[in-house]
Every structure is written in C-alpha cells, then in structure tokens.
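Below, each chain spelled out in residue letters.
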Amino acid sequence: MSKTSRRLIFALMKDRMTPAGMAGHRQRGQCAKRLSILDAAADVFCRQGFAGASIDEIAAVACVSRQTIYNHYREKETLFVAVVEDVMNRANAMLFSVLSSFPENADNLEDDLTAFAVRLNKNCICNHDGKFLRKLVQTEGERYPHLFESWRQQGPGKLTTALSALLARLAHGRALVIDDFDVAARQFVALGNADLQMMTLFGETPSDAQLEKAARNAVRTFLKAYGRPEPEKARHQPQFSAVSG
C-alpha cells in the first residue's frame, strides 16, 4: 500500500472518530435501520394485513429488536401510516415523472396518448408500489379508514388533478373538445384500466403486449368521445351559367 493510500485511510478513520464524524455515522445507521423497518413492515402488512401483522414478525424480518421499532414508531398504527406514506411518496415521484411525458401537441395524438397510457399503467398502477397500495386499501380501507387519510388526500387526487390540467392544455390547442376536464381525466384513467382490472385483481402483472392493447383500446374510445371532429369537406355545388339560345 502506498504512503498516499495509508494517509487517506488514516484521515478517514480520524474523521470518523471526531464528534461530527461519529454523529454522522450514527445518523446514517439510524436512517438505514428506519428504511429496513419500513421495508420489512411493508412486506408483513401486505401478507398479514394490519390486524394480523405483529411487531415481533416485523422486527425479525428487519433484523432489529422489537424495542428498536418502538423507539422509531411508538406503536403499530404509527408504523403502518409511515409505511403507507413511504410507498405513496415513491409512487408520487414516479407519477410526476410519467406525467412529464404527456404529449404536448396533436401531431400524432392517438399514438402519443397510447404510449403515455402504457407508461402510466406500467410504472404507476401495475407496478409493485401501485399494487401494494391498492391491496392495502382493498383489504384494510373499510376497517381502518383513518389509516389511509394521507393516501386519500395525497394519492389518487394528484393524478386526476394533474391529468386534468394536461388535457386542458390539449383542448386549448384545439386537439380535444372537453367540457369538464376533471371528469375527462377520471375517464381516461378508468378506460386505461378497463382491460387490466381482472388481471391486477388477482395479482398478475400484465405483459407489454397486454398493456399496449389495453392502452390502445382506451385511447381510441377516449378520442371518440373527446376528439375534435375532422373538418367537413366543403361541398361545392356545380355552378351553371345561363346559356343564351
């Protein structure tokens, strides 16, 4: 080992031994533990539900002590809410990434909207986080509605609100004819899921071909309802000039 390498290692070790270095090391360790607990809790809650999940099982999956979980989250309900918020934050980040790819003009509207619908379903609705949230809401939402309050406020509403504004932009450019943008946004999402609901209900992951077919069907139906009609061709009546006899 060269002298330069030894000096670098010594400097790093020395830095870790300072109060600031030790505090930073502890913070990174706490952050890693927190993430491990959230991942383990998500797995257990998904398999066992809220009522069936135990802190002991979550601790075993996370490889931490029961007391460590209580130190971070106090009780199982607090941990469940934290899991929902953590998954929802990831889902929202992916959602806004997909929304940024929404078509800006009507040059090739059917194909562009179809490609967008494929990305929306693949990365936001049929992906791991989307299926996880949907399963939790379906199994636990009725019994524990208060646990999903943050999801109710920050989840699906963000999609329809953002999509409504994007559809309004296309309508302003005369590519679509829409009276109620919120309704149109909800219908776009519903149409995109129409051919996939049965598969996702049973936990299946649609293939790329199935996503493409579902998106194409949805967009064609959507454009039949909201697409601007093609301008009628001018009908020219034949002109007859008077012929003198």
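Residues numbered from 1 in each chain as written. Predicted model: local features only at pLDDT ≥ 70, side-chain atom pairs only at ≥ 80, totals over all residues. Heavy atoms only, no water.

**Thoughts on the packing of aromatic side chains**
Okay, so step 1: Using the criterion set out here, one finds nine aromatic pairs in the structure.
Okay, so step 2: Seen from their ring centres, F45 and F80 are 4.9 Å apart, and the 80° between their planes marks the pair as edge-to-face. Pair noted here: F45 is in helix α2 (residues 19-52) and F80 is in helix α5 (residues 76-99), with a separation of 35 residues, a long-range link.
Okay, so step 3: A relative accessible area of 0% places F80 in the buried class. (Phe/Tyr/Trp six-rings, centres within 6.5 Å; stacked < 30°, edge-to-face > 60°. Helix = DSSP H or I, 4+ residues; strand = E, 2+ residues; numbered from the N terminus. Buried < 20%, exposed > 50% of the residue type's maximum accessible area, 1.4 Å probe, protein only.)

**What about a nonpolar patch on the surface?**
Okay, so step 1: Taken together, the side chains of M198, L201 and F202 define a hydrophobic patch exposed on the protein surface, amounting to about 380 Å² of accessible area.
Okay, so step 2: Mapped onto the elements, L201 comes out in helix α11 (residues 197-201).
Okay, so step 3: Owing to a relative accessible area of 53%, L201 belongs among the exposed residues under this scheme. (Patch = residues over 30% accessible without salt bridge, like charges linked within 9 Å, V, L, I, M, F, W, Y side chains within 5 Å. Areas by Shrake-Rupley, 256 points an atom, 1.4 Å probe, with all protein chains shown as cover. Salt bridge = Lys/Arg side-chain N within 4 Å of Asp/Glu carboxyl O.)

**Side note on the nonpolar core**
Okay, so step 1: Core analysis: the biggest nonpolar cluster contains 35 residues, and L167 and L176 have the highest contact counts within it.
Okay, so step 2: When residues of this core are traced back to their parent elements, those giving at least two are α5, α6 (109-125), α9 (156-172), α10 (181-194) and α12 (208-226).
Okay, so step 3: In this structure, L176 is in contact with L109, L167, L170, A171, F222, L223, Y226, G227 and R228, ignoring residues within four places of it in sequence.
Okay, so step 4: Core analysis: the second largest hydrophobic core is formed by 29 residues, F45, A59, Y73 and L133 among them. (Core = buried A, V, L, I, M, F, W, Y, C linked by side-chain atoms within 4.5 Å. Contact = heavy atoms within 4.5 Å.)

**Here we look at the pattern of salt bridges**
Okay, so step 1: Applying the stated criterion across every chain, the model contains 11 salt bridges.
Okay, so step 2: Between R90 and D129 there is a salt bridge, and its shortest N-O distance comes to 2.9 Å. Here D129 lies in helix α7 (residues 128-140) and R90 lies in helix α5, a separation of 39 residues in the sequence.
Okay, so step 3: Under the relative-accessibility criterion, R90 is labelled partly exposed at 38%.
Okay, so step 4: In this structure, the salt-bridge partner of R216 is E110, at a minimum N-O distance of 3.1 Å. In this pair, R216 is assigned in helix α12 and E110 in helix α6, connecting sequence segments 106 residues apart.
Okay, so step 5: Looking at R216, the relative accessible area reads 19%, which means it is buried.
Okay, so step 6: Connected through salt bridges with shared partners, the residues E110, D111, E212, R216 and R220 form a single ionic network.

Any functional reading would require information that these geometric values do not contain.
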